[in-house]
Amino acid sequence: MTMADDLSHTSFDRTPQPDPGTQPGTPAVDGGCHAPREQMVAAARAAGQGELLDRFTADYPVGPHDQPQSMCPAFGSLRVGLRMKRVASVLSGSACCVYGLTFTSHFYGARRSVGYVPFNSETLVTGKLFEDIREAVFQLADPAQYDAVVVTNLCVPSASGVPLRLLPKEIDGVRIVGIDVPGFGVPTHAEAKDVISGAMLAYARDEAESGPVQAPAVARPGLPSVTLLGEMFPADPMGIAALLAPMGLAAGPVVPVREWRELYGALDCAAVAAIHPFYTSSIRVFEAAGRPIVGSAPVGVEGTHAWLAAIGAACGIDPAAIAAAQNAVIPAIQAALAARPIKGRITVSGYEGSELLVARLLIESGAEVPYVGSACPRTAWSGADLDWLVARGVEVRFRASLEQDLAAVDLYQPDLAIGTTPVVQHAKQAGRPGLYFTNLISARPLMGAAGAGSLAQVVNGAMAGADRMSAMRSFFEGVGEGETAGVWSDMPVLRPQFRAKFAKQMAAAAKAEEAVGT
């Protein structure tokens, strides 16, 4: 394994372990991580991963695009692990994938090394890769440094059936958690956060059922708590805590957690608020523990009113106390929205999972929102937000593809396009303002009185810059775009006949290869 130091040649004196089942003799995937999705899925099923794939299909159903259109999904689970105290993260996958994930993680502020267990075709087909992974976790499992080691199979090891389930459950008190996060099974990085959270919650639940567990680092209030499911702006949990207090409830841990012991507090709750409703694996663990799940979130006037009622009902709170909680906060939200109105047509798209919540807040702020696209799936817990938006004439697309998001910008001609990088780029190329959802929208509170009006400054500021966008477009008029972009002494000549010729050759080669395979 490679990490901060080169540990790949260290040997260990250990007792023999059982044969790792289907792994020895498993064929390597032709084409590696660049193989077509169908080939990866077929290889995974042949390697005994059928149950895993069926679970992914049920938890994370695909949409019009059968592979991620954003970043590698494993970035989501890796980021969760790197944010946790006393947790080591180890990747098993193609070197190019590990490089990209490590680079992106450090670009976003990770301050820890990422473990990597390299492999080649020989170690993959002989089962040596599994032994190398096992050796790595034995080396890392130092209880003085770690509470847990998370090992993640990327596409090729997942397709080849590397059996992380056969790793020891714990070594010297250090928990070993193995997860598979292949791009052909987990559609978005947001859902990969659920993969790791669900695996950790299941492990922690088994621990809690087996006996006493470690107490939380911060003393818990002596009140029933509501676990908050889904990443959110750091101020939002505090705002939610203030909303819950009049009902005699406290805000519990936020899942994904930042420390292992928080998992026990998350499980020991009166109800779970599925702020991000696509955490299907985590919800399954909470439901198995008998915890009620409440969808939506306290955004805007109507969202906050309905959410407090649903949380209160789930926790068995007296209706008078629920009404008191609603009356305590609704006037402040109304005042904040009235003080910071938003006027204009806005399309919303993204892959964070909070797109519907943002759209609700924009509409209550006075904006017209004709379209909302989310790369995440529709679930039973997204129904309240979906119904609210559809009742107001909003086109809502779950598992929206980039092509659908771009088409919405062209169709609705918004004053502002909120979305992913290519959506923002598309809008700006047309002389239309755009805001990147992740960095400029998710980086603000959305819940309660603090969330009301929080989007007004950045949204109104962007729409006010429409004239600047038009001026920039006029300034660069004539420099071309795509293949003709730039300043040329002679205008480039496009030769579509060459493309057509090579496209035919590639199609013929693909047919010939398919014929050989059959």
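See above for the structure.
A brief structural summary. Please read these numbers as outputs of a predicted model, since none were measured by experiment. (Residues numbered from 1 in each chain as written. Predicted model: local features only at pLDDT ≥ 70, side-chain atom pairs only at ≥ 80, totals over all residues. Heavy atoms only, no water.)

Some remarks on the overall build of the protein chain
To keep things clear, this is the line we draw: The numbering of helices and of strands both runs from the N terminus, where a helix is a DSSP run of H or I of at least 4 residues and a strand a run of E of at least 2. It is over C-alpha atoms that the radius of gyration is taken, and the globule rule equals 2.2 Å times the number of residues to the power 0.38. Type-normalised accessible area, obtained with a 1.4 Å probe on protein chains alone, sets the label of each residue: buried when under 20%, exposed when over 50%, and partly exposed for intermediate values. Only heavy atoms matter for contacts: two residues are in contact if any of them lie within 4.5 Å across the pair. What sets the accessible areas is the Shrake-Rupley method with a 1.4 Å probe; for residues, cover comes only from the shown protein chains. Note that His is not counted, nor are the chain ends; the positive residues are Lys and Arg, and the negative ones are Asp and Glu. Charge coordinates come from a single atom per side chain, which is NZ of Lys, CZ of Arg, CG of Asp or CD of Glu.
In terms of regular secondary structure, the protein chain is built from 22 helices and 14 strands. Relative to the compact-globule value of 24 Å for 518 residues, the protein chain shows a C-alpha radius of gyration of 25 Å, a close match. Projecting the C-alpha coordinates of the protein chain onto the three principal axes gives extents of approximately 75 × 70 × 40 Å. For the protein chain, the residues scored as buried account for 50% of the 518 residues in total. Put simply, 74% of the contacts in the protein chain that link residues at least 6 apart link residues at least 24 apart. Accessible surface for the protein chain amounts to roughly 23200 Å². Of this, 56% is attributable to carbon and sulfur atoms. Of the charged side chains in the protein chain, 40 are positive and 50 negative; the average position of the first set lies 4 Å away from that of the second.

Some points on the packing of helix α14 (residues 355-364) against helix α15 (residues 383-390)
This is how it is decided: Here the axes come from fitting lines to C-alpha atoms, over the contacting stretch only for helices, and the angles between their N-to-C directions go from 0 to 180 degrees. Roughly parallel means an angle under 35 degrees; roughly antiparallel, over 145; roughly perpendicular, 65 to 115; everything else is oblique. What makes a crossing left-handed is the near helix being turned counterclockwise from the far one by less than a right angle; a clockwise turn instead makes it right-handed. When residues are grouped by polarity, Ala, Val, Leu, Ile, Met, Phe, Trp, Tyr, Cys and Pro land in nonpolar, Asp, Glu, Lys and Arg in charged, and all others, Gly among them, in polar.
The geometry of α14 relative to α15 is characterised by a closest axis approach of 10 Å and an angle of 40° between their N-to-C directions. Taken together, the axis directions place α14 and α15 in an arrangement best described as oblique. Crossing of α14 against α15: the hand is left-handed. Together, L356, L357, A359, R360, I363 and E364 of α14 and A384, D385, L386, W388 and L389 of α15 make up the contact between the two elements. Here the residues of the contact of α14 with α15 are counted per class, giving eight nonpolar, no polar and three charged.

Concerning the sheet that holds strand β10 (residues 345-350)
Selection rule: Paired strands are those between which DSSP finds at least two bridges.
Strand order in the open sheet formed by five strands is β12-β11-β10-β13-β14, and the pairing between neighbours is parallel. With one partner strand each, in any of the chains shown, β12 (395-398) and β14 (434-436) form the two edges of the open sheet. Recorded for the sheet is a direction-independent mean angle of 10° between the axes of neighbouring strands. The pairing of strand β11 (residues 368-374) with β12 spans four bridges and is parallel. Within the sheet, the bridge partner assigned to S374 lies in β12 and is F398.

Let's talk about the nonpolar core
Burial of nonpolar side chains together is a common tendency in soluble globular proteins. Cut-off, in case you're wondering: By convention a nonpolar core is built from buried Ala, Val, Leu, Ile, Met, Phe, Trp, Tyr and Cys residues, the set being connected through side-chain atoms within 4.5 Å.
Ranked by size, the top nonpolar core spans 60 residues in total, and within it I311, I346, L362 and V459 carry the most contacts. Dropping the residues within four chain positions of it, I311 is found in contact with V226, L244, M247, L249, A273 and V294. In terms of nonpolar packing, the next biggest core, distinct from the first, is built from 49 residues, V98, I196, V255 and A266 among them.

A word on the packing of aromatic side chains
The criterion, for reference: A pair of aromatic rings is counted whenever rings of Phe, Tyr or Trp (Trp by its six-membered ring) have centres within 6.5 Å, and the orientation is called stacked for planes under 30 degrees apart, edge-to-face for over 60 and tilted otherwise. Ring-over charges, as used throughout, are those where CZ of Arg or NZ of Lys falls within 6 Å of the ring centre and within 35 degrees of the ring normal.
In total, this model carries five aromatic pairs according to the counting rule given. A ring pair is formed by F103 and F107, whose centres lie 6.5 Å apart and whose planes are at 15°; its orientation type is stacked. Highlighted residues: F103 and F107, both in helix α4 (residues 95-107), separated by four residues, approximately one helical turn. Taken together, the aromatic side chains of Y99, F103 and F107 make up a single cluster linked through ring pairs. One Lys or Arg, R392, reaches over the ring of W388 and ends 3.8 Å from the middle of that ring.

Let's talk about the sheet that holds strand β3 (residues 148-153)
Neighbouring strands of a sheet are bound in pairs by backbone hydrogen bonds; such pairs are parallel or else antiparallel. Strand order in the open sheet formed by five strands is β2-β1-β3-β5-β4, with mixed pairing between adjacent strands. Across the chains shown, the open sheet's two edge strands, defined by having one partner strand only, are β2 (115-116) and β4 (170-171). Helix-sheet contacts for helix α6 (residues 128-140) involve β1 (87-92), β3, β4 and β5 (174-180), and the interaxial angle to β3 is about 160°.

Points about helix α17 (residues 421-429)
Formally: Comment: arc refers to directions from the helix axis out to C-beta atoms.
Among all positions of α17, only V423, V424 and A427 are buried. On an axial view of α17, the arc spanned by its buried residues comes to 95°, and they lie on one face. Among the structural elements, β10, α16 (402-412), β13 (416-419) and β14 are those in contact with the buried residues of α17.

Here's the deal with the environment of S374
Rules: Polar contact is the term for a pair of N or O atoms within 3.5 Å; when the atoms are in protein, one must be able to donate a hydrogen and the other to accept it, and sequence-neighboring residues count only if both atoms are side-chain atoms.
With respect to the helices and strands, the residue S374 is situated in strand β11. Separated by 24 residues in the primary sequence, S374 and F398 have C-alpha atoms spaced 5.0 Å apart. The contact partners of S374, leaving out residues within four places of it in the chain, are G350, G353, E355, L356, R397, F398, R399 and A400. In this structure the side chain of S374 is engaged in a polar contact, spanning 2.9 Å, whose partner is the side chain of E355.

Quick word on the pattern of salt bridges
Definition in use: Whenever Lys or Arg places a side-chain nitrogen within 4 Å of a carboxyl oxygen from Asp or Glu, that contact is recorded as a salt bridge.
Taken as a whole and judged by the stated rule, the model has 15 salt bridges. K128 serves as the salt-bridge partner of D132, at 2.4 Å between the closest nitrogen and oxygen. Separated by four residues within a single helix, D132 and K128 lie in helix α6, roughly one turn from each other. You can call K128 partly exposed: its relative accessible area is 40%. Residue E209 pairs with R205 through a salt bridge whose shortest N-O separation is 3.0 Å.

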